[in-house]
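Read off the chains here:
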Amino acid sequence: MTKEDNAQLIRVARDRHGEPIHTEPLDLGERVRDLRKGHGWTLEQAAKKAGLARSTLSKIENGQMSPTYDALKKLAQGLGISVPQLFTQPQNDKVTGRMSVTRQGEGAAHATTTYEHDLLAEGLTKKQMLPYRARIRARDLEEFDGWVRHDGEEFLYVLTGVVRLYTEFYEPIELRRGDSAYYDATMGHNVISVSEDDATILWVTSLA
């Protein structure tokens, strides 16, 4: 697989990933109210759990009061979270229920001289990871145009055969059916088959 082949594969997936999400500044009062309601608690119930006066909690929720650190600690403990989590906007405010099923042989084919990829879950846009099944054609490291490297992290799981994983900073390692590896994809890496037949693996690459 050439560097250009791999870059194109990742670029296509990132293009479908969508634009970065820009978050709005956190409203502490609204955040506390949402957390309280998420538990199904009234002001009285939440205030009691946090050891605060109901009027104090009400003022915090309505932005009429800046809580002290001691009050923040009580709030966090009462809500069952850490103080930093009070100021962390949730990445997803609702369950999307997204799902994609790819039947055997339905993956989008992307062949190179060293690998033959079947891209999975092609129907989903803005994915956080790129899953694909790969048939490993390469038998020698010399078949690659240098190291493959790209942003993110990568998970490799051997489905059939035996592969040898080469990485920039570690000794080569042989992986058999059922073995897996998780590694920093910015580190140079290549995979060859050492089986009589082409080995097959599942690869999952992060896109975030």
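## Here's the deal with the sheet that holds strand 7 (residues 180-184)
One open sheet holds the 6 strands; their spatial order is 1-2-3-9-4-7, and the pairing between them is antiparallel. Single-partner strands in this sheet number two, and they are strand 1 (108-111) and strand 7. Along the sheet, successive strands turn relative to each other by an average axial angle of 25 degrees, direction set aside. Note: strand 4 (residues 153-160) against strand 7, 5 bridges, orientation antiparallel. Of the residues in strand 7, the one forming a bridge with Glu 154 is Tyr 183.

## As for the packing of aromatic side chains
This model, assessed by the stated rule, comprises 3 aromatic pairs. Ring geometry for Tyr 115 and Trp 203: centres 5.1 Å apart, planes at 70 degrees, overall edge-to-face. Of the two residues, Tyr 115 is situated in strand 2 (residues 115-119) and Trp 203 in strand 9 (residues 199-206); the sequence distance between them amounts to 88 residues. Exposure class is identical for Tyr 115 and Trp 203. Each is buried. Ring geometry for Tyr 132 against Trp 203: centres 5.7 Å apart, planes inclined by 45 degrees, an arrangement best described as tilted.

## Considerations on the pattern of salt bridges
Between side chains of opposite charge, pairing is possible as soon as their charged atoms come close. Taken as a whole, this structure holds 9 salt bridges when the rule is applied. Between Glu 61 and Arg 33 there is a salt bridge; the shortest N-O distance is 3.6 Å. Linking Glu 61 in helix 4 (residues 54-61) with Arg 33 in helix 2 (residues 28-39), this pair joins segments that are 28 residues apart in sequence. For Arg 149, the salt bridge goes to Glu 168, with nearest N and O atoms at 2.9 Å. Of this pair, Arg 149 sits in the loop between strand 3 (129-136) and strand 4 while Glu 168 sits in the loop between strand 5 (162-167) and strand 6 (173-176); the two residues are 19 residues apart in sequence, bridging distant segments of the chain. Through salt bridges with shared partners, one network takes in Arg 33, Arg 36 and Glu 61.

## Some details on the nonpolar core
With 23 residues, the main nonpolar core has Ile 136, Leu 156, Val 163, Val 191, Ile 201 and Trp 203 as its most contacted residues. Those elements that provide at least two residues to this core are strand 2, strand 3, strand 4, strand 5, strand 7, strand 8 (189-193) and strand 9. The residues touching Ile 201, leaving out its near neighbours within four places in the chain, are Tyr 132, Arg 133, Ala 134, Ile 136, Leu 156, Tyr 157, Val 158, Leu 159 and Val 163. Membership of the second largest hydrophobic core comes to 18 residues, among which are Leu 43, Ala 47, Leu 79 and Leu 86.

Criteria and thresholds
Within every chain, residues take consecutive numbers counted from 1 along the sequence as written. In view of the model being predicted, local features appear only for residues whose pLDDT reaches at least 70, and side-chain atom pairs are presented and counted only at 80 or more, with totals across whole chains, interfaces and linings using the full set of residues. Each side-chain value is derived from all of the structure's non-hydrogen atoms; neither hydrogens nor water enter the calculation. Two strands make a pair as long as DSSP finds a minimum of two bridges between them. Going along the chain from the N terminus, every DSSP run of H or I of four or more residues is numbered as a helix, and every run of E of two or more is numbered as a strand. The axes used here are C-alpha line fits, helices contributing only the stretch in contact, and every angle between their N-to-C directions lies in the interval 0 to 180 degrees. In this analysis, rings of Phe, Tyr and Trp, with Trp reduced to its six-membered ring, are considered paired at centre separations within 6.5 Å, and the interplanar angle assigns stacked below 30 degrees, edge-to-face beyond 60, and tilted for intermediate values. Burial classes follow relative accessibility: with a 1.4 Å probe on protein chains only, a residue under 20% of its type's maximum area counts as buried, one over 50% as exposed, and anything between as partly exposed. Definition used for salt bridges: Asp or Glu carboxyl oxygen within 4 Å of a side-chain nitrogen of Lys or Arg. Here, nonpolar core refers to any group of buried Ala, Val, Leu, Ile, Met, Phe, Trp, Tyr and Cys residues whose side-chain atoms link them within 4.5 Å. It only takes one pair of heavy atoms within 4.5 Å for two residues to be counted as in contact.

Treat this as a map of the structure, not an account of what it does.
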